[in-house]
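# Structure assessment
What follows is the residue order along each chain.
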Amino acid sequence: DAGITQSPRHKVTETGTPVTLRCHQTENHRYMYWYRQDPGHGLRLIHYSYGVKDTDKGEVSDGYSVSRSKTEDFLLTLESATSSQTSVYFCAISEPRGSDTGELFFGEGSRLTVL
Amino acid sequence: LAKTTQPISMDSYEGQEVNITCSHNNIATNDYITWYQQFPSQGPRFIIQGYKTKVTNEVASLFIPADRKSSTLSLPRVSLSDTAVYYCLVGLPNKAAGNKLTFGGGTRVLVKP
């Protein structure tokens, strides 16, 4: 299994509070991603990173920010959590092999509840 | 974006073959097709990937017609442990495709005894 650790695994917070989720990898993969998963919506991409300090927005980036100061860590921050951000968040990593195929390796997920 | 469409759910019985078709009409020339499996409370995991024709590994086969506008994941002789949600993903995890890597709703497969 790919060495991906998400923390915290579970968190309950109140509306308006800041929340940071951490994704840590030991694979030295360049690419890292944050997804959210909600019933009926599959997995939606929030932000992604191609390397240290190189990040970009995904499909549902509003209300989220990310940072990647080290290869192994990718942080997802909700500056002011809202109930609509209650979800399961998954981190994924990949290491593209040239211009050919590549697969995503996922963490175990972080369940966030915003009351 | 290479939007994908899959059936919401499928039921099967142990020992049968399960075929799940994914439609991706606007697939780009460089896009690969990848299938993932997800169990409850776990992250998705890679099953198989292909570009055209047929790919087979130890757990599944992937059939892709010449026009590449759809693909079919085939799970031979399923068991109860194959009960999961299956997602198809069109694109590649590289810098050019990064913001296209959004999954569809997935297909929930229930294998019955």
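In what follows, the structure referred to is the one given above.
Residues numbered from 1 in each chain as written. Chains lettered and ligands numbered in written order. Predicted model: local features only at pLDDT ≥ 70, side-chain atom pairs only at ≥ 80, totals over all residues. Heavy atoms only, no water.

Two cysteines, two sulfur atoms, one covalent bond between them: this is a disulfide. Under the counting rule described, the total for this entry stands at two disulfides over all chains. Each sulfur in the disulfide pair A:Cys23 and A:Cys91 lies 1.9 Å from the other. Residues A:Cys23 and A:Cys91 are joined through a disulfide that is left-handed, its torsion about the S-S bond being -70°. Placement of the pair is A:Cys23 in strand E3 (residues 19-25) and A:Cys91 in strand E9 (residues 87-94), with a sequence separation of 68 residues. In this pair, the class of A:Cys23 matches that of A:Cys91, namely buried. For B:Cys22, the disulfide goes to B:Cys88, at an S-S distance of 1.8 Å. You can see B:Cys22 sitting in strand E2 (residues 18-23) and its partner B:Cys88 sitting in strand E8 (residues 84-91), a full 66 residues away along the chain. Owing to a relative accessible area of 0%, B:Cys88 belongs among the buried residues under this scheme. (Disulfide = S-S within 2.5 Å. Helix = DSSP H or I, 4+ residues; strand = E, 2+ residues; numbered from the N terminus. Buried < 20%, exposed > 50% of the residue type's maximum accessible area, 1.4 Å probe, protein only.)

The next thing to look at is the sheet that holds strand E3 (residues 32-38) of chain B. All names here are of chain B. If you walk across this open sheet you meet the five strands as E1-E9-E8-E3-E4, and the pairing is mixed. The open sheet has two edge strands, strand E1 (9-13) and strand E4 (45-50), and neither has a second partner. For this sheet, the mean inter-axis angle between neighbouring strands, taken without regard to orientation, is 25°. For E3 and E8, the ladder comprises seven bridges, and the chain directions are antiparallel. Along E8, the bridge assignment pairs Ile-33 with Val-90. (Pairing = 2+ DSSP bridges. Axes fitted to C-alpha atoms, helices over the stretch in contact; angles between N-to-C directions.)

Here we take up unusual backbone geometry. A cis amide bond, omega -10°, links A:Ser7 with the succeeding residue A:Pro8. Examined against the element boundaries, A:Pro8 turns out to sit in the loop between strand E1 (4-7) and strand E2 (10-13). Phi at A:Asn28 takes a positive value of approximately 60°, unusual for a residue other than glycine. Position of A:Asn28 among the secondary structure elements: in the loop between E3 and strand E4 (31-38). For B:Arg68, which is not a glycine, the phi torsion comes out positive at approximately 60°. Within the element layout of this structure, B:Arg68 appears in the loop between strand E6 (61-64) and strand E7 (70-75).

Here we take up the packing of aromatic side chains. This model, assessed by the stated rule, comprises 14 aromatic pairs over all chains. When the centroid spacing of 4.8 Å and the interplanar angle of 70° are considered together, the rings of A:Tyr31 and A:Tyr50 count as edge-to-face. Of this pair, A:Tyr31 sits in strand E4 while A:Tyr50 sits in strand E5 (residues 42-51); the two residues are 19 residues apart in sequence, bridging distant segments of the chain. Take A:Tyr31 and A:Tyr50: they sit in the same class, and that class is buried. Aromatic pair B:Tyr87 and B:Phe103: ring centres 5.8 Å apart, planes at 85°, arrangement edge-to-face. You can see B:Tyr87 sitting in strand E8 and its partner B:Phe103 sitting in the loop between E8 and strand E9 (107-112), a full 16 residues away along the chain. A residue is classified by how much of its surface remains accessible, and B:Phe103, at 4% relative accessible area, is buried. Connected via pairs of aromatic rings, a cluster forms that spans A:Tyr31, A:Tyr33, A:Tyr35, A:Tyr48, A:Tyr50, A:Phe90, A:Phe106, B:Tyr36, B:Phe46, B:Tyr87 and B:Phe103. (Phe/Tyr/Trp six-rings, centres within 6.5 Å; stacked < 30°, edge-to-face > 60°.)

All we've got here are geometric facts, nothing functional implied.
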